[in-house]
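An overview of the molecular structure
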2 protein chains.
Amino acid sequence: MSLLLIPTGWHVEDWRVRFQALLPEMPVVTPDEPFDRRAVHYVASWKHPEGALAGLPNLAAIFSLGAGVDHLFADARLPDVPLARVVDPDLTTRMSEYVVMHCLMLLRQQARYARQQRDVVWDDDRHQPAARSVRVGVLGLGELGLDAARKLAVMGFDVAGWSRSPKALDGLPTFAGTEDMPAFLARTDILVSLLPLTPQTRGVIDAALLAGLAQDGRLGGPFIVNAGRGGLQVEADILAALESGVLKGAALDVFETEPLPPDSPLWRHPAVTVTPHNAAMSAPDAVAGLIAAQIRRLQAGLPLEHQVDPARGY
Amino acid sequence: MSLLLIPTGWHVEDWRVRFQALLPEMPVVTPDEPFDRRAVHYVASWKHPEGALAGLPNLAAIFSLGAGVDHLFADARLPDVPLARVVDPDLTTRMSEYVVMHCLMLLRQQARYARQQRDVVWDDDRHQPAARSVRVGVLGLGELGLDAARKLAVMGFDVAGWSRSPKALDGLPTFAGTEDMPAFLARTDILVSLLPLTPQTRGVIDAALLAGLAQDGRLGGPFIVNAGRGGLQVEADILAALESGVLKGAALDVFETEPLPPDSPLWRHPAVTVTPHNAAMSAPDAVAGLIAAQIRRLQAGLPLEHQVDPARGY
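Sequence order sets the numbering: in each chain, residues are counted from 1 along the sequence as written. Whichever chain is written first is A, and whichever ligand is written first is 1; the rest continue in order. Local features in a predicted model are, by the rule used here, given only for residues with pLDDT of at least 70; side-chain atom pairs are given and counted only at 80 or more, and totals for whole chains, interfaces and linings are based on all residues. To obtain the side-chain values, all non-hydrogen atoms of the structure were used and water was disregarded.

To continue, consider the relation of the copies chain A and chain B. Superposing copies: least-squares fit, C-alpha atoms only, residues required to have pLDDT of at least 70 in both. Superposing chain A onto chain B requires a rotation of 180° together with a translation of 0.0 Å along the rotation axis, leaving an RMSD of 0.1 Å. Considering both components of the superposition, the chain copies are consistent with a two-fold axis. Residues of chain A ranked by C-alpha distance from the rotation axis are headed by A:M101, positioned 2.7 Å from it. In this description, contact between two residues means that some pair of their heavy atoms is separated by no more than 4.5 Å. The overlap is high: 100% of the interface residues of chain A also sit at the interface in chain B, so the same surface is used on both sides.

Dropping the structure here:
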């Protein structure tokens with residue numbers, strides 16, 4: 001009985017060492033060495049190649065090494081076995097760090113003051129809006145969206161949330177479903193996207209959505225913060241909205257193509273902040289521990305936690 | 001009975017209009033016009049010139065137009081009448097925005113990622129420490145320090161506080177007095193200074209204090225965030241500590257001389273963030289309302305709130 005480990009783009013030995021220490025009785029194998037396909041009962045994957053999990057007759061569960069599972073569904077030959085997400089409190093905390101930091105940087109015009117420092121200019125317009133006069137809309141109210149929304153509210157922002165199906169958010173206003181989307185966007189000065197990537201959400205941040213954001217806010221135009229998945233956004237529409245003035249700026253951690261190609265105009269756009277998809281990293285120690293604990297649960301006959309619903313895609 | 005208004009460096013008419021609307025029965029006078037010195041019962045001052053409040057025989061109270069009162073005590077000829085601070089929840093929220101934003105920017109290496117964007121570099125070291133592994137020490141536990149400490153704790157930081165006399169901080173560790181200072185500094189990776197400026201605190205951020213900060217932290221060296229008063233810091237010592245490596249970086253909103261002189265090396269130091277003393281602005285609407293309410297209290301025979309203790313200096 002073995003664990004097949006495929007951490008594409010990451011250092012495989014970092015992960016192997018951790019899993020082997022946590023599951024000393026279970027061989028940890030990788031695709032770049034010969035292994036017995038019949039012995040593989042578990043897979044821990046990040047962006048495995050299409051078909052890499054086919055022909056594993058005793059596979060019992062697949063674990064995503066990161067918060068998202070869209071990379072699993074990208075495999076048309078994915079085996080029909082239970083899939084589990086990682087729900088890592090550490091990762092949630094990190095995502096909220098990113099979201100709160102970027103919302104504060106937009107509120108406080110940090111890019112302007114960084115330019116002024118570079119130019120040795122001491123200037124202040126004294127028209128800083130208060131956080132409570134800036135409306136943040138959190139798109140997606142899963143573990144990540146709920147935590148970010150709560151922390152943004154603690155910082156004083158006027159927060160609302162949108163989710164596919166109705167959800168409660170500590171008494172803050174919430175919107176649900178397609179029919180509520182226009183009202184949600186119309187009261188949003190900073191849109192924070194923390195949706196999972198599914199066939200339904202792909203390309204949701206497009207020209208129509210951007211045109212629906214509040215134009216009457218205290219920040220002089222709407223902003224977006226996308227820390228979810230690059231596939232949620234249509235970058236040509238974001239650039240066009242920045243050009244036309246429909247959108248005032250964007251903080252993007254994720255992109256349609258990653259790494260973001262050097263010729264993307266997003267890199268050099270003065271109103272865009274680019275980070276290299278590191279808003280919320282999976283800390284290998286935490287993730288390996290959570291997956292090893294789930295494997296022990298299955299071995300003990302207990303049900304899998306945080307199982308993904310293939311129909312919803314998350 | 002009149003209110004003498006001296007908002008040095010600010011637009012006087014902005015303030016006069018507000019006070020006049022709030023106190024329609026009371027003439028609002030300024031030093032650049034003739035006025036009856038015997039009629040002045042109240043003063044609202046920001047950095048009035050030395051002696052400007054002498055010779056006001058019926059003066060009953062002096063109000064600071066900003067959060068600090070050190071500018072009042074800078075006047076050796078300050079009349080011996082009750083002085084009051086402004087305690088503005090809005091200003092407290094803004095200060096915490098600044099503090100939390102800069103602590104998150106240090107935690108998340110925002111300066112590094114801004115440089116990488118400028119250089120079109122997609123790179124991440126995946127060794128991002130968790131907020132809970134970074135120890136923030138809040139120096140000063142008044143209204144501002146308590147609020148900042150609580151919000152930093154919500155964001156996940158490992159927060160402790162120091163104050164002159166012992167204070168409780170929602171169960172977080174606190175340190176008090178000179179004797180606790182070494183232990184407080186030794187567990188501090190990011191020092192947040194929110195002390196009032198008094199003869200006791202002037203120059204407290206000096207070589208000795210900086211040398212006492214933690215050198216073993218997860219950020220690779222200690223940082224300071226000073227959003228209190230410029231007089232708290234010895235800039236030559238900060239620059240020397242950055243040079244020697246005792247200090248890894250600083251976010252400074254306040255300076256020994258303001259505006260910060262163009263030839264100050266702080267402007268161009270790659271490890272220093274400079275903002276033009278705007279961490280927490282007094283919003284004129286809020287401040288004028290709070291002072292007008294205090295004047296009405298005094299007129300009604302009620303005691304002054306938020307009175308300053310001249311012996312403590314805050």
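That shown, we press on.
For the rest of this paragraph, the subject is the confidence of the model for chain A. Atom-level detail of predicted coordinates should not be read off regions where pLDDT is low. Looking at chain A, the pLDDT average stands at 95 and 99% of residues meet or exceed 70. Model confidence for the complex is summarised by a pTM of 0.90, with the ipTM given as 0.89. For every residue, the predictor states its confidence as a pLDDT score lying anywhere from 0 to 100.

As a further point, take empty space enclosed by the protein. With a 1 Å grid spanning the protein atoms alone, the term cavity applies to any set of points in which a 1.4 Å probe fits but cannot get out, the term pocket to an open set with protein on both sides within 12 Å along at least five of seven lines, and the term lining residue to any residue with an atom within 4 Å of a point. Grid points are joined across faces, edges and corners, and a volume is the space filled by probe spheres set on the points. On inspection of all chains with the given rule, the structure shows 3 cavities of 30 Å³ or more. Every residue along the wall of the largest cavity is listed here: A:R108, A:Q110, A:Y113, A:Q128, B:Y98, B:M101, B:H102, B:T275 and B:N278. When contributions to the lining of the largest cavity are tallied by element, the ones reaching two or more residues are α4 (110-118) of chain A together with α3 (89-107) of chain B. Elements are defined by DSSP. Helices are runs of H or I of four residues or more, strands are runs of E of two residues or more, and each kind is numbered from the N terminus. The element contributing the most residues to the lining of the largest cavity is α3(B), with 3 residues. Only Asp, Glu, Lys and Arg are considered charged, only Ala, Val, Leu, Ile, Met, Phe, Trp, Tyr, Cys and Pro nonpolar, and every remaining residue, Gly among them, polar. When the residues that make up the lining of the largest cavity are grouped by side-chain class, the tally is 3 nonpolar, 5 polar and 1 charged.

All names here are of chain B. For each residue, the accessible area found with a 1.4 Å probe, counting protein chains only, is set against the maximum for its type, and the residue is called buried under 20%, exposed over 50%, and partly exposed in between. In terms of burial, strand β7 (residues 158-163) is a largely internal element, 5 of the 6 residues being buried. At least two bridges found by DSSP between two strands are what make those strands a pair. Where strand β6 (residues 135-139) lies against β7, 5 bridges are found, and the strand directions are parallel. Counted as the bridge partner of V136 is V159 from β7. In this view, the connection linking β6 to its parallel neighbour β7 by way of helix α5 (residues 143-154) has right-handed handedness. With the strands aimed away from the viewer, a crossover counts as right-handed if its path from the first strand over the helix to the second runs clockwise.

Residues and elements named next belong to chain B. If you walk across this open sheet you meet the 7 strands as β8-β7-β6-β9-β10-β11-β12, and the pairing is parallel. Because the sheet does not close on itself, it has two edges, and the strands there are β8 (174-176) and β12 (272-274). Taken pair by pair, the neighbouring strands of this sheet meet at an average axis angle of 15°, ignoring direction. Angles shown run from 0 to 180 degrees and are taken between the N-to-C directions of axes, each axis being a line fitted to C-alpha atoms and, for helices, limited to the stretch in contact.

This part takes up the nonpolar core. In this description, a nonpolar core means a group of buried Ala, Val, Leu, Ile, Met, Phe, Trp, Tyr and Cys residues linked to one another through side-chain atoms lying within 4.5 Å. Of all hydrophobic cores here, the largest spans 70 residues; its most connected members are A:F157, A:I190, B:F157 and B:I190. Residues within four places of A:F157 in sequence aside, it is in contact with A:C103, A:L104, A:L107, A:A131, A:V134, A:V136 and A:L152. A:V120, B:M181, B:L191 and B:I224 belong to the second-largest nonpolar core, a separate cluster that totals 29 residues.

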